[in-house]
Amino acid sequence: MPFRCLEYVTRIYEGIVPVKKRYAEKVYKIPNPDFYVVYIGKKDYPLEKELRLSDAFYQKDGSQLELIVKVRNCSDSKLLPLAGTCDILKQYCQFIEIVERNYNKHSPKKSFRKAIELAMEQGILTDYLDRKSREVINMLTAKYNYKMDIAVKKEEAFQDGKEFGEQQKAIKDAVMLVQKYNATPENAAKDMNAPLDKVLELLELQANI
């Protein structure tokens, strides 16, 4: 999510800052960004959580690039900590609850229109929905791409399995170096790029067989 927000804010700034101003000596002022994600899922999730771009780095070495996304759990608007201080966020959560209650997978656009009408009748996001109803429907329709979601999960599972298999082979190769060529476990683990603790664990296991 932080990476997606980075992509999004970059596009926004590209639209704000004129091309010529990007190379000028005088600093061109841009809006301060804040990043929030509203969680409306069904799984247990903290009321508030921070996601950081640096969590995706290979090494956390004090890099100067960072982006923090604040996640707010709005699966139940009554539990929302910001309900008393952020009316827009509260109304958004109420709107999403209405969408969830009225969603029909066989006629999604029709159910989204109904949700918008119900929300406006209850005074929820009235002005915004009145002006942007078509955009909201398009956003809701495109929000969840089932096929892409499944494809990503399969790819992640495949990659995890591949990395696990490669690590297991490296451990076995390191053990072979120790047993066949009298290499030290430390050198063998380093040469095979295998975790030393796992190499020692397998050596001990085989010695006890």
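Higher on the page you've got the structure.
Residues numbered from 1 in each chain as written. Predicted model: local features only at pLDDT ≥ 70, side-chain atom pairs only at ≥ 80, totals over all residues. Heavy atoms only, no water.

1. Some words on the environment of Glu66
Along the polypeptide, Glu66 turns up in the loop between strand E2 (48-52) and strand E3 (68-73). Overall, the relative accessible area of 34% leaves Glu66 in the partly exposed class. Sequence spacing of Glu66 and Leu6 is 60 residues, and the spatial spacing of their C-alpha atoms is 9.4 Å. Residues contacting Glu66, with those up to four places away along its chain left out, are Arg52, Leu53 and Ser54. At a separation of 3.1 Å, a polar atom in the side chain of Glu66 contacts the main-chain amide nitrogen of Leu53. (Helix = DSSP H or I, 4+ residues; strand = E, 2+ residues; numbered from the N terminus. Buried < 20%, exposed > 50% of the residue type's maximum accessible area, 1.4 Å probe, protein only. Contact = heavy atoms within 4.5 Å. Polar contact = N/O pair within 3.5 Å; in protein donor to acceptor, adjacent residues only side chain to side chain.)

2. Description of helix H1 (residues 2-16)
Here H1 spans 21 Å end to end across 15 residues, near enough to the 21 Å set by a 1.5 Å rise per residue. Taken together, the buried positions of H1 are Pro2, Cys5, Val9 and Tyr13. Taken around the axis of H1, the buried residues stretch over an arc of 70 degrees, which confines them to a single face. More than 90 degrees from the buried face of H1, the exposed residues found are Arg4, Tyr8, Arg11 and Gly15. Check the buried side of H1 and you find it contacts strand E1 (35-39), E2 and E3. (Expected span 1.5 Å × (residues − 1). Arc of directions from axis to C-beta.)

3. What about the side chain of Gln91?
With respect to the helices and strands, Gln91 occurs in helix H2 (residues 87-102). According to the relative accessible area criterion, Gln91 is buried, its value standing at 14%. Within polar-contact distance, the side chain of Gln91 engages the backbone nitrogen of Leu125 at 2.6 Å.

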